Amino acid sequence: MLDPHVEGRPWEEQLALDDRAYRAQLAYLLEHSPFYQGKLGLSSSDEAGGLAEIAALPLTEKPELKATATEGNPVGAHLCVDRSQIVRIYSTSGTTGTPSYIPLTARDLDDWVTGSARSYAASGISAGQRIVSTYNAGPFVAGAALASFDVIGLCHIPIGTGNTERLIRAIELLRPEAAVLTPSYAAHLLEWTSARGLDLRSTSVERVLVAGEPGGGEQAFRARLEEGWGARVTEAMGIGDIGISLWGECEEQDGMHLGARGFVHPELIDPATAKSIAMEDGASGELVLTHLRHQAAPLLRFRTRDHVHVRTSPCPCGRTGPRVRCVGRTDDMLIVRGVNVFPAAVRDVVGGFAPRVSGHIRVRPAAEGVKQDPPLPVSVELAEGVETDEGLAAAIRERIRAVLVVQTRVELVPWGSLERSEYKGQLVERSG
Ligand SMILES: [Zn+2]
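Residues numbered from 1 in each chain as written. Predicted model: local features only at pLDDT ≥ 70, side-chain atom pairs only at ≥ 80, totals over all residues. Heavy atoms only, no water.

1. Some thoughts on helix α7 (residues 164-174)
For step 1, the next point in the chain: Of all the positions in α7, only T164, L167, I168, A170 and I171 are classed as buried. Down the axis, α7 shows its buried residues gathered within 155° of arc, on one side only. Facing away from the buried side of α7 by more than 90 degrees, the exposed set consists of E165, R166, R169 and L173.
For step 2, the next point in the chain: Structurally, α7 contributes buried residues whose contacts are with β3 (130-133), α8 (183-195) and α9 (219-229).
For step 3, the next point in the chain: Positive backbone phi, at 50°, marks R175, one or two positions downstream of α7. (Buried < 20%, exposed > 50% of the residue type's maximum accessible area, 1.4 Å probe, protein only. Helix = DSSP H or I, 4+ residues; strand = E, 2+ residues; numbered from the N terminus. Arc of directions from axis to C-beta. Contact = heavy atoms within 4.5 Å.)

2. Digging into the packing of aromatic side chains
For step 1, the next point in the chain: Following the criterion strictly, the structure yields three aromatic pairs and no others.
For step 2, the next point in the chain: Between F35 and Y36 the ring centres are 4.8 Å apart and the planes differ by 85°, which places this aromatic pair in the edge-to-face class.
For step 3, the next point in the chain: One Lys or Arg, R196, reaches over the ring of W192 and ends 3.8 Å from the middle of that ring.
For step 4, the next point in the chain: Of note, R347 hangs over the ring of F221, and the distance from its end group to the ring centre comes to 4.3 Å. (Phe/Tyr/Trp six-rings, centres within 6.5 Å; stacked < 30°, edge-to-face > 60°. Lys NZ or Arg CZ within 6 Å of the ring centre and 35° of its normal.)

3. Overview of the sheet that holds strand β17 (residues 357-363)
For step 1, the next point in the chain: Spatial strand order, β17-β19-β20: three strands in an open sheet with mixed pairing. Edge positions in the sheet fall to β17 and β20 (408-413), since each has one partner strand and no second. Strand-to-strand twist in this sheet, taken as the mean axis angle between neighbours without regard to direction, amounts to 25°.
For step 2, the next point in the chain: By the bridge criterion, six bridges tie strand β19 (residues 376-382) to β20 in an arrangement that is parallel. (Pairing = 2+ DSSP bridges. Axes fitted to C-alpha atoms, helices over the stretch in contact; angles between N-to-C directions.)

4. Quick notes on the coordination of the zinc ion
For step 1, the next point in the chain: The protein atoms that coordinate the zinc ion are C250 (SG), H257 (NE2), C315 (SG) and C317 (SG), at distances spanning 2.1 to 2.3 Å.
For step 2, the next point in the chain: Here the donor residues of the zinc ion share one chain and are spaced in sequence as C-x6-H-x57-C-x1-C. Of the two residues, H257 is situated in strand β9 (residues 256-258) and C315 in the loop between β13 (302-311) and β14 (323-329); the sequence distance between them amounts to 58 residues.
For step 3, the next point in the chain: On the basis of relative accessibility, which here comes to 3%, the residue H257 falls in the buried class. (Donors = N, O, S within 2.8 Å, 3.2 Å for Na, K, Ca; no water.)

5. A closer look at helix α2 (residues 11-32)
For step 1, the next point in the chain: Helix length check: α2, at 22 residues, gives a terminal C-alpha distance of 30 Å against a target of 32 Å (1.5 Å per residue), a fit within 8%.
For step 2, the next point in the chain: Buried residues belonging to α2 abut α1 (4-7), α3 (34-40) and β12 (284-291). (Expected span 1.5 Å × (residues − 1).)

6. Observations concerning the side chain of R319
For step 1, the next point in the chain: Within the secondary structure layout, R319 lies in the loop between β13 and β14.
For step 2, the next point in the chain: Reaching out from R319, the side chain makes a polar contact with the side chain of E7 at a distance of 3.1 Å.
For step 3, the next point in the chain: Beyond its immediate stretch of four places on either side in the chain, R319 contacts M1, E7, A121, A122, C250 and H257. (Polar contact = N/O pair within 3.5 Å; in protein donor to acceptor, adjacent residues only side chain to side chain.)

7. Considerations on the pattern of salt bridges
Any two side chains of opposite charge can pair, so long as their charged atoms come close to each other.
For step 1, the next point in the chain: Overall, the coordinates contain 24 salt bridges when judged by the stated rule.
For step 2, the next point in the chain: The salt bridge involving R207 is made with E251; its shortest N-O contact spans 3.3 Å. Here R207, found in strand β6 (residues 207-210), pairs with E251, found in the loop between β8 (243-249) and β9; they are 44 residues apart in sequence, far enough to count as distant.
For step 3, the next point in the chain: With its nearest N and O atoms 3.2 Å apart, the salt bridge here joins R347 to E218. With R347 in helix α10 (residues 343-351) and E218 in the loop between β6 and α9, this pair connects stretches of sequence that are 129 residues apart. (Salt bridge = Lys/Arg side-chain N within 4 Å of Asp/Glu carboxyl O.)

8. What to know about the sheet that holds strand β16 (residues 339-341)
For step 1, the next point in the chain: One open sheet holds the three strands; their spatial order is β16-β15-β18, and the pairing between them is mixed. Edge positions in the sheet fall to β16 and β18 (371-372), since each has one partner strand and no second.
For step 2, the next point in the chain: Taken together, the three bridges between strand β15 (residues 334-336) and β16 define a ladder with antiparallel strand orientation. Along β16, the bridge assignment pairs L334 with V341.

Pasting the structure below:
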């Protein structure tokens with residue numbers, strides 16, 4: 001553990017500390033945040049109580065923050081500090097219009113890097129080892145995660161995105177023990193190397209740390225990555241507006257521990273009703289996060305749109321924080337005759353049919369919006385050299401029905417026909 005006194009602290013003790021921090025954060029918001037002054041309508045933070053009462057406060061959604069951005073204040077009305085206190089401004093990769101800006105004070109940045117370092121160190125990687133990274137620092141928050149490798153004491157070899165030849169050369173010549181990349185890219189590299197007669201299993205890489213999108217925790221997908229890389233796969237997860245790599249998985253590979261404990265408070269809600277769900281072992285729901293000691297633009301009960309399963313049972317690694325496994329984005333969720341379906345879960349079931357399938361799928365909803373009538377169309381890509389086979393399509397359909405309780409129409413498509421991504425994979429494709 002990077003910070004044993006923090007990461008091994010009994011969770012009840014953590015919650016007591018967090019309660020104090022939360023009350024101070026609320027008072028800070030009422031004093032400095034025009035956004036929350038208006039939204040909360042409280043005359044004093046004491047009215048809101050402590051963490052035990054947090055579910056009574058309103059949720060914060062990304063679009064409402066963005067709506068308050070102006071030419072004079074492009075961050076938005078949740079900005080709490082003078083510009084002289086801001087040391088870094090990240091932006092989101094918004095595909096249309098102006099991006100969202102995420103400002104940080106020196107302490108905010110330090111907290112981000114500290115939490116991220118704990119999360120990545122949970123994977124078992126330690127000082128003196130080498131790590132090759134494939135994030136582009138650029139304008140995005142992922143760049144801040146790179147600083148956490150220095151805190152762990154790693155030798156960091158930055159390669160960036162979209163430079164596969166250079167990446168493979170660095171792995172061969174510089175012999176890193178670990179590689180950090182998105183799960184889609186980790187899978188893409190298996191195909192890329194095998195098409196060129198290279199074998200990642202013979203490289204020095206013992207750990208593959210995946211982050212940036214859900215999927216790294218799906219059983220069949222992970223098994224394929226571990227087999228192809230000959231390495232242990234663990235994942236990490238953050239969310240731009242709140243913090244980088246807030247969560248990181250340990251060597252038990254049973255979900256990601258909260259590395260940003262003390263900085264962020266997690267809650268669960270039902271994404272449809274927004275009702276609070278207790279953070280208990282086995283619970284699932286949408287993750288909602290609250291800053292506990294943030295300065296530049298703290299957020300309260302921020303909806304992450306990440307749908308997670310929670311584990312709180314003791315972990316043999318000694319970390320006491322709750323663990324989560326992200327099963328998909330709430331935005332990707334489809335409802336087929338009352339049943340919630342995550343495309344990532346479909347991919348996981350289909351992945352169990354390897355080596356006959358490539359592992360690539362596309363869910364192709366016929367109707368607009370979330371609600372779909374059965375059968376749900378799914379394209380499943382065959383592995384290289386495998387002929388289409390009605391028996392296989394029927395077996396996949398049957399397994400999806402048994403595991404996910406949803407009727408599908410499975411179409412087998414030839415190897416290489418579904419587009420690959422070197423960054424984040426796409427699982428849903430809507431026509432028109
Ligand atoms: Zn653990």
